[in-house]
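# Chain and residue survey
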Amino acid sequence: MAGVETARGLRKTLHDRGMRMTPQRQLVLDAVRSLEHATPEQICQRVQETAPTVNITTIYRTLDLLDRLGLVRHTHLGHGAPSYSVEDHQHVHLVCHVCGSIQEIPCELLDPLVGTLRERDGFELDASHLALSGTCRDCLKQEQEIE
């Protein structure tokens, strides 16, 4: 049933903005939803399982459109391509620069920082669109064992 709701939601969103629904747009949105966090290349691989003629350029254009419509969000988790997820999938990413692991934490953990930035700088932080780089627990433990 969620797939049907997703299709209806995308169709309505596009129609409300004077655009049409295409199979490629639906396939890209479905791929993002099923993969949860994925680069455009990973999304392209998933889409090509069903529609082998869809190319990476179409994927990028569709992701850009879906992002502008607020149906997906992108986050830069490091130096590579952005990672896309559904818009209601909100959390902060902790990216280990040693092993590359990615952990998710609730946005609420940054509420004190959000409040400080708002009061001090008049800046409204969107913590749901954020990746923090550092060293994970396992890598820190390995470093301590070496010393």
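Rules and cut-offs
Residues numbered from 1 in each chain as written. Predicted model: local features only at pLDDT ≥ 70, side-chain atom pairs only at ≥ 80, totals over all residues. Heavy atoms only, no water. Helix = DSSP H or I, 4+ residues; strand = E, 2+ residues; numbered from the N terminus. Buried < 20%, exposed > 50% of the residue type's maximum accessible area, 1.4 Å probe, protein only. Contact = heavy atoms within 4.5 Å. Salt bridge = Lys/Arg side-chain N within 4 Å of Asp/Glu carboxyl O. UniProt positions renumbered as here; feature names shortened; annotations may be inferred. Pairing = 2+ DSSP bridges. Axes fitted to C-alpha atoms, helices over the stretch in contact; angles between N-to-C directions.

Relative to the elements of secondary structure, Thr 62 occurs in helix H4 (residues 56-68). On the basis of relative accessibility, which here comes to 6%, the residue Thr 62 falls in the buried class. When sequence neighbours within four positions are dropped, the list of residues in contact with Thr 62 reads Gln 24, Arg 25 and Val 28.

Our next topic: the environment of Val 72. Along the polypeptide, Val 72 turns up in strand E1 (residues 72-75). Separated by 51 residues in sequence, Val 72 and Met 21 place their C-alpha atoms 16 Å apart.

Evaluated as defined, the whole model comprises six salt bridges. A salt bridge links Glu 49 to Arg 46; the nearest nitrogen and oxygen atoms lie 3.9 Å apart. You can see Glu 49 and its partner Arg 46 sitting in helix H3 (residues 40-50), three residues apart, about one turn around the helix. By relative accessible area, Arg 46 is classed as partly exposed at 32%. One salt bridge connects Arg 118 with Glu 124, and the closest N-O pair in it is separated by 2.8 Å.

With that settled, consider the UniProt feature "binding site: Zn(2+)" (unreviewed entry) in the protein chain. Under the UniProt annotation, "binding site: Zn(2+)" (unreviewed entry) lies at Cys 96, Cys 99, Cys 136 and Cys 139. For this annotated set, covering 44 residues, all C-alpha atoms fall within 8.2 Å of each other, a compact arrangement in space. Sequence-distant contacts of Cys 99, defined by excluding residues within four places in its chain, comprise Cys 136 and Cys 139. Position of Cys 136 relative to the elements: it lies in the loop between strand E5 (131-134) and helix H6 (137-146). Other than its neighbours up to four places away in sequence, Cys 136 contacts Cys 96, Cys 99 and Ser 101.

We now examine the sheet that holds strand E4 (residues 102-105). Pairing is mixed across the open sheet formed by three strands, whose spatial order is E4-E3-E5. Here the strands that pair on one side only, and so sit at the sheet edges, are E4 and E5. Taking the axes of each pair of neighbouring strands and ignoring which way they run, one obtains an average angle of 25° across the sheet. Where strand E3 (residues 92-96) meets E4, four bridges bridge the pair, whose relative direction is antiparallel.

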